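One-letter residues, chain by chain:
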Amino acid sequence: MSSPDALARELQYVWHPFTQMQVWADDDPLFIDSGQGVWVRDTQGREYYDANSSLWLTIHGHRRKEIDDAIRRQLDKIAHSTMLGLTHEPAGELAERLISIAPEGLSRVFYSDSGSTAVEIAIKMTYQFWRHRGEERKTFVALADGYHGDTIGSVSVGGISLFHGIFADLLFECHFAPSPASCASLCQALSGVEKILTAHPGNVAAVIVEPLIQAAGGMLVAPKGFLAGVRDLCDRYDVLMIVDEVATGFGRTGRMFACEHEDVAPDLMTVAKGLTGGYLPLAATLTSEAVFQAFLGEYSQGKTFFHGHSYTGNPLACAAALASLQIFEDDNVIADLAPKIQFISERLEHIATLDRVGSVRQVGIMVGIEVVRSRRPRVDYVWEERAGVRVCRRARTLGLLTRPLGNVIVFMPMLVSSIRELGEMLDMIEMAITEELADG
Ligand code: PLP
């Protein structure tokens, strides 16, 4: 419920992302007014657990004093100044800090403002990289069920037909290996990638993957060793490797970056979402020195990377990101995650036994709970039944907010959540599933 004026304005003027606007009003739009820690409050004063971290972004909690203060301090100096031709200290400071925690070999930071733009940039960079090497490599390798954002380049390497199918005619050529989660073995998953590399010698600019887990595809977990195996293939076939850490970066998998689990050093890595602790739009494409060096030359050589956005490297966002990284250090955030992850795993073992739960998937504190009409024999809900949406609506009435991916209920709590809070959230999700789907 909202004030009549606010609702009328909303319905008259606003068009929401990933939303069928014809039925949006039926869903009783929720107006969020404020937040604190792992909670958000609506304009009617009702409080909810923010169980998907405001779409996978918030890490240390809402209204985190250290980040609020850092933004205010920067605001007292300047809110925005361009990085085209000028620069500012927070950009360099943050770049140095990012490189100090990034996988080995990444040495340069190119800023933008969303996960999609970070990926778009990685794609354009890899294409141009090969041109500077005197090669025309026009295609990419990506994974079925992968998601890398909504700009045309990132959609071209995206493998979710519900989102991407309609734009097929606009996209550039990309070859899709099967989702590693759908393969019977690690070997089969890697051979899916290798087959494509063999079939297109000298034509693949880069392989792009989400590390360990394909998040938007439904929290699909890759077999252990897949990421490292793709790195080996990229080396053997001499193609660049782009690792998209937009969803997995900044602690979500239990390490700062998912790459660390398999000791992988990509040629390019994209980060966004949690970079600012979930405060402001900032993204970065990190590259190896070899990629960066390929773009150097006299202006007349035409090697400049002609790409940039109005808000590239916004100083307020850089200040927020620096404060967020400082919290990681001061509060030992990564070390504190292990018992929380273990707790979630134990609770999921029980949830996996519920009648309407087909599978549970977890990497770190990224969780997907798939609901099904029947476990044995297995009968899925058809998407028009909106089972996932209904469960999330029910959860909302219990005091918890999240958003499904089809029939997969996403649980993406903030890193700062306590074990008690994690338990309460999982109880609410369990109750929502049981109550909402009791009759089928
Ligand atoms: N890459 C991955 C792996 C993502 O999960 C997402 C968003 O969910 C994106 C890219 C796109 O990020 P943004 O929504 O900030 O454009």
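Residues numbered from 1 in each chain as written. Predicted model: local features only at pLDDT ≥ 70, side-chain atom pairs only at ≥ 80, totals over all residues. Heavy atoms only, no water.

Undergrad: Pulling in residues and values, what's your account of the domain arrangement of the protein?
TA: Each assigned domain of the protein is listed with its residue range as follows: domain 1 (31–59 + 334–436) and domain 2 (68–330). For domain 1 and domain 2, the distance between their C-alpha centres works out to 27 Å. Listed by partner, the interface residues are 24 residues for domain 1 and 22 residues for domain 2. In this assembly, domain 1 packs against domain 2 so that about 1900 Å² is buried in total across both faces, 71% of it on carbon and sulfur atoms. On the surface where domain 1 and domain 2 come into contact, there are 7 residue pairs in polar contact (both at pLDDT 80 or more). Those elements that provide at least two residues to the side of domain 1 that touches domain 2 are helix H3 (53–56), helix H13 (333–351), strand S13 (357–363), strand S14 (366–371) and strand S17 (408–411). (Domains from an automatic or database assignment. Contact = heavy atoms within 4.5 Å. Buried area = accessible area lost by both parts, 1.4 Å probe. Polar contact = N/O pair within 3.5 Å; in protein donor to acceptor, adjacent residues only side chain to side chain. Helix = DSSP H or I, 4+ residues; strand = E, 2+ residues; numbered from the N terminus.)

Undergrad: Kindly report on the layout of surface pockets, identifying the contributing residues and their values.
TA: Roughly 630 Å³ of volume is contained in the second largest pocket. As for the second largest pocket, its lining consists of 26 residues, of which Val-109, Phe-110, Met-125, Phe-292 and Phe-305 are closest to the centre. Listed by contribution, the elements that provide at least two residues to the lining of the second largest pocket are helix H5 (89–101), strand S4 (106–112) and helix H11 (289–293). Among the elements that make up the lining of the second largest pocket, the one with the highest residue count is S4 (5 residues). Partitioned by chemical class, the residues of the lining of the second largest pocket number 15 nonpolar, 9 polar and 2 charged. (1 Å grid on protein atoms, 1.4 Å probe; cavity = no way out; pocket = protein on both sides within 12 Å on 5 of 7 lines; lining within 4 Å. Points joined across faces, edges and corners; volume = space filled by probe spheres on them. Nonpolar A, V, L, I, M, F, W, Y, C, P; charged D, E, K, R; others polar.)

Undergrad: With reference to specific residues and values, describe the environment of Asn-314.
TA: As for its position among the elements, Asn-314 is in the loop between H11 and helix H12 (315–330). Taking the C-alpha atoms as reference, Asn-314 lies 48 Å from Asp-355; in sequence the two are 41 residues apart.

Undergrad: Requested: an account of the pattern of salt bridges, with residues and values cited.
TA: One pass over the structure, following the stated rule, counts 29 salt bridges. With a shortest N-O distance of 2.9 Å, Asp-380 and Arg-378 are connected by a salt bridge. One salt-bridge network, held together by shared partners, links Arg-361, Glu-370, Arg-378 and Asp-380. (Salt bridge = Lys/Arg side-chain N within 4 Å of Asp/Glu carboxyl O.)

Undergrad: Just give me the short version of a nonpolar patch on the surface, but keep the residues and values in it.
TA: A contiguous nonpolar surface patch, about 420 Å² in accessible area, is contributed by Ile-152, Ile-166, Phe-167 and Leu-170. Relative to the helices and strands, Ile-166 is located in the loop between helix H8 (161–164) and strand S6 (174–177). Accessibility expressed as a relative area gives 75% for Ile-166, which makes it exposed. (Patch = residues over 30% accessible without salt bridge, like charges linked within 9 Å, V, L, I, M, F, W, Y side chains within 5 Å. Areas by Shrake-Rupley, 256 points an atom, 1.4 Å probe, with all protein chains shown as cover. Buried < 20%, exposed > 50% of the residue type's maximum accessible area, 1.4 Å probe, protein only.)

Undergrad: Tell me about the packing of H5 against H12, residues and numbers included.
TA: In the contact formed by H5 and H12, the axes pass within 9 Å of each other and the chain directions differ by 35°. Remark: the crossing between H5 and H12 carries left-handed chirality. Where H5 approaches H12, its residues Pro-90, Ala-91, Glu-93, Leu-94, Arg-97, Leu-98 and Ile-101 are matched on the opposing element by Pro-315, Cys-318, Ala-321, Leu-322, Leu-325, Gln-326 and Glu-329. Of the residues that constitute the contact of H5 with H12, the class distribution is 10 nonpolar, 1 polar and 3 charged. (Axes fitted to C-alpha atoms, helices over the stretch in contact; angles between N-to-C directions. Left-handed = near helix turned anticlockwise from the far one by under 90°.)

Undergrad: An account of H13 is needed here, citing residue identities and associated values.
TA: The end-to-end C-alpha distance of H13, which contains 19 residues, comes to 27 Å, matching closely the 27 Å that a straight helix rising 1.5 Å per residue would cover. Those residues of H13 that sit buried are Val-333, Leu-337, Lys-340, Ile-341, Ile-344, Arg-347, Leu-348 and Ile-351. Packing partners of the buried residues in H13 comprise H12, S13, S14, S17 and helix H15 (419–436). (Expected span 1.5 Å × (residues − 1).)

Undergrad: Give a description of the site of the ligand that names residues and reports values.
TA: Around the ligand, the neighbouring residues are Trp-56, Ser-114, Gly-115, Ser-116, Tyr-147, His-148, Gly-149, Glu-210, Asp-244, Val-246, Ala-247 and Lys-273. Note that an oxygen atom of the ligand is positioned 2.8 Å from one of the backbone N or O atoms of Gly-115. The protein chains hide 84% of the 390 Å² of surface that the ligand would expose on its own. Looking at the shell around the ligand residue by residue, the classes come out as 4 nonpolar, 5 polar and 3 charged. (Near = heavy atom within 4 Å.)

Undergrad: If you had to explain the packing of aromatic side chains to someone new, which residues and values would you point to?
TA: Across all of its chains, the model carries 8 aromatic pairs by this definition. Look at Trp-39 and Tyr-49: their rings are 4.0 Å apart centre to centre, the planes differ by 25°, and that puts the pair in the stacked class. Residue Trp-39 is found in strand S2 (residues 39–42), and its partner Tyr-49 is found in strand S3 (residues 47–50); the two are separated by 10 residues along the sequence. A centroid spacing of 5.3 Å and a plane angle of 75° characterise the contact between Phe-110 and Phe-305, whose relative ring orientation is edge-to-face. Residue Phe-110 is located in strand S4, and its partner Phe-305 is located in the loop between H11 and H12; the two are separated by 195 residues in the primary sequence. An aromatic cluster is present here, built from Phe-18, Tyr-147 and Phe-163 joined pairwise through their rings. Arg-108 extends its terminal NZ or CZ atom over the ring of Phe-292, reaching a point 3.8 Å from the ring centre. Stacked on the ring of Trp-130, the Lys or Arg Arg-137 has its end atom at 3.5 Å from the ring centre. (Phe/Tyr/Trp six-rings, centres within 6.5 Å; stacked < 30°, edge-to-face > 60°. Lys NZ or Arg CZ within 6 Å of the ring centre and 35° of its normal.)

Undergrad: Explain the sheet that holds S13 to me, using residue names and the numbers behind them.
TA: Strand-to-strand pairing in sheets goes through backbone hydrogen bonds, with the strands running parallel or antiparallel. If you trace the 4 strands from one edge of the open sheet to the other, you get S13-S14-S17-S16, paired in antiparallel fashion. Each edge of the sheet is formed by a strand with only one pairing partner; in this case those strands are S13 and strand S16 (404–405). As defined by bridge partners, S13 adjoins S14 across 6 bridges and the pair is classed as antiparallel. Directly across from Val-357, in S14, lies its bridge partner Val-371. Here H13 sits on the sheet in contact with S13, S14 and S17, set at roughly 170° to S13. (Pairing = 2+ DSSP bridges.)

Undergrad: Give a description of the side chain of Thr-58 that names residues and reports values.
TA: Here Thr-58 is to be found in the loop between H3 and helix H4 (65–75). We classify Thr-58 as buried; its relative accessible area is 2%. The contact partners of Thr-58, leaving out residues within four places of it in the chain, are Asp-50, Ser-53, Arg-252, Gly-277, Gly-278 and Met-414.

Undergrad: Talk me through the side chain of Lys-340; I want residue IDs and the actual numbers.
TA: With respect to the helices and strands, the residue Lys-340 is situated in helix H13. Buried charge without a partner: Lys-340 forms no salt bridge, and the closest opposite charge is Asp-336, 5.8 Å away. Of note is the side chain of Lys-340, whose polar atom sits 2.9 Å from the backbone oxygen of Leu-415. Apart from the residues lying within four places of it in its own chain, the contact partners of Lys-340 are Leu-415, Val-416, Ser-417, Ile-419 and Leu-422. (Lys, Arg positive; Asp, Glu negative; His and termini not counted.)

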